[in-house]
Amino acid sequence: MAEEFFQVLAECLEREGRRKGRPGIAPEVLKEFFTDSRPETEELRSQPRRKAAPPSMPPHSLIQASPALETSASSSSSVPISASATGNGGDVALPDSLDMLAETVAQCRRCILAETRQHVVFGEGNPHAGLMFIGEGPGADEDRLGRPFVGRAGQLLDKMIAAMQFTREEVYIANIVKCRPPGNRVPSPDEAACCIGYLKKQIELIRPEAIVLLGATAVTFLLGPVGGITRVRGRWFAYEGIPVMPTFHPAYLLRQESAKREAWIDLQMVMKVFGKTPPSRKRA
Ligand code: URA
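All of these numbers come straight from a predicted model, not from anything done at the bench. (Residues numbered from 1 in each chain as written. Predicted model: local features only at pLDDT ≥ 70, side-chain atom pairs only at ≥ 80, totals over all residues. Heavy atoms only, no water.)

S.K.: Help me understand the confidence of the model for the protein, please; the structure alone is not making it clear to me.
M.R.: Atom-level detail of predicted coordinates should not be read off regions where pLDDT is low. Within the protein, residue pLDDT values average 79, and 67% of them lie at 70 or more. Here residues 1-6 scores under 50 on pLDDT; set against residues more than four positions off or in separate chains, the count is ten contacts. Contacts for the low-pLDDT stretch residues 71-87, under 50 throughout, to residues beyond four places or in other chains number 45 contacts. (pLDDT = per-residue confidence, 0-100. Contact = heavy atoms within 4.5 Å.)

S.K.: Any chance you could explain the site of the ligand here in plain terms?
M.R.: Residues in close proximity to the ligand include Gly135, Glu136, Gly137, Glu142, Pro148, Phe149, Asn175 and His249, which together make up its full environment. Glycine 137 is positioned with one of its backbone polar atoms (N or O) 3.0 Å from a nitrogen atom of the ligand. Contact between the ligand and phenylalanine 149: an oxygen atom at 2.9 Å from a main-chain N or O atom of the residue. When grouped by side-chain class, the residues that make up the shell around the ligand number two nonpolar, four polar and two charged. (Near = heavy atom within 4 Å. Polar contact = N/O pair within 3.5 Å; in protein donor to acceptor, adjacent residues only side chain to side chain. Nonpolar A, V, L, I, M, F, W, Y, C, P; charged D, E, K, R; others polar.)

S.K.: Whenever I open this one, the sheet that holds strand β6 (residues 242-247) confuses me. Can you help?
M.R.: Spatial strand order, β1-β3-β2-β4-β6-β5: six strands in an open sheet with mixed pairing. With partners counted over all chains shown, the strands left at the sheet margins are β1 (124-125) and β5 (237-239), one partner each. For strand β2 (residues 131-135) and strand β4 (residues 210-214), the ladder comprises four bridges, and the chain directions are parallel. Considered in β4, the bridge of isoleucine 134 is made with leucine 213. Here helix α13 (residues 260-273) sits on the sheet in contact with β2, β4 and β6, set at roughly 165° to β6. (Pairing = 2+ DSSP bridges. Helix = DSSP H or I, 4+ residues; strand = E, 2+ residues; numbered from the N terminus. Axes fitted to C-alpha atoms, helices over the stretch in contact; angles between N-to-C directions.)

S.K.: What should I look at first to understand the nonpolar core in this one?
M.R.: Nonpolar side chains in soluble globular proteins generally cluster together in the buried interior. Membership of the largest hydrophobic core comes to 68 residues, with the highest contact counts inside it found for Leu131, Ile134 and Ile176. Residue contributions to this core peak at seven residues, all from helix α9 (residues 189-206). (Core = buried A, V, L, I, M, F, W, Y, C linked by side-chain atoms within 4.5 Å. Buried < 20%, exposed > 50% of the residue type's maximum accessible area, 1.4 Å probe, protein only.)

S.K.: Could you clarify how one ought to interpret helix α10 (residues 216-223) in this entry?
M.R.: Residue pairs three or four apart in sequence face the same way in an α-helix, which turns once every 3.6 residues. Of all eight residues that make up α10, seven are buried, and the element is covered over most of its length. Inspection of α10 places Ala216, Thr217, Ala218, Val219, Phe221, Leu222 and Leu223 among the buried residues, and these make up the whole buried set. Backbone geometry just after α10 places glycine 224 at a positive phi near 105°.

S.K.: Got a minute to help me understand the pairing of β6 in this structure?
M.R.: Of all six residues making up β6, six are buried, and the element is well covered by its neighbours. As judged from the four bridges shared by β4 and β6, these two strands associate in the parallel manner. Looking at the pairing, leucine 213 lines up with proline 246 of β6. Looking at chain direction, β5 and β6 are connected through three bridges and run antiparallel. The residue of β6 that forms the bridge with alanine 238 is proline 243. Following β5, the chain reverses through two residues before pairing antiparallel with β6; glutamate 240 in that reversal takes a positive phi of roughly 50°.

This is the structure:
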């Protein structure tokens, strides 16, 4: 992509930021998001990719604007969650504070992932975040440090967040499972079922205005079998009345750089929920 494109994007964001009292985004940040083409790490290469599936709805302000507002007919909570597929994390009462929930999860031994983990990766960010990102599960770096999205995929996620005119500190980042599946395999339905109650409680406590689901696994286990990621990305779904936007996982974007363009379309839809204006591309 031409240098001047990023310059123009940055200028648009700068203008918009000044108008709304927010900082602009450096052209380098935009450029990095669109053009990160460093070779994958061994960890990413070895990460098995499998098909996922899942569902749909958007922010109240976007309901009219979005043709693809989808809600589940199969769930009272508006999301097509199958109890057997996604479970509820054990159906036990969980603490009503994020800190106490984190303490509970730190002790969790509900599934075999507890046997191989180094650290539980609870999630992190602003407990009052308007925007929440949900990934699949910790990788090696996350397991080692006990923090979500700190490896290469995390670096790209940081760029995506910045391109959306948010900071990492403003948003909340969590995963479907809190412990690393060995070899970065996709979590099994049983493992996800053991863990999903924790994520649901996090969502209940944070009550974000919008959720971005990163990749097929997040879509499948939060929303149910709504469809493959390439079919559901860019379409609004709803979880408990919260608008949910599925998009590609950053690890996939590292492997498939051409998909960044579609991911950016999805992220811009989310930006609009927050009144953030995506830069318009100038035509010559
Ligand atoms: N991939 C995920 O899905 N989550 C992480 O925390 C890191 C990589």
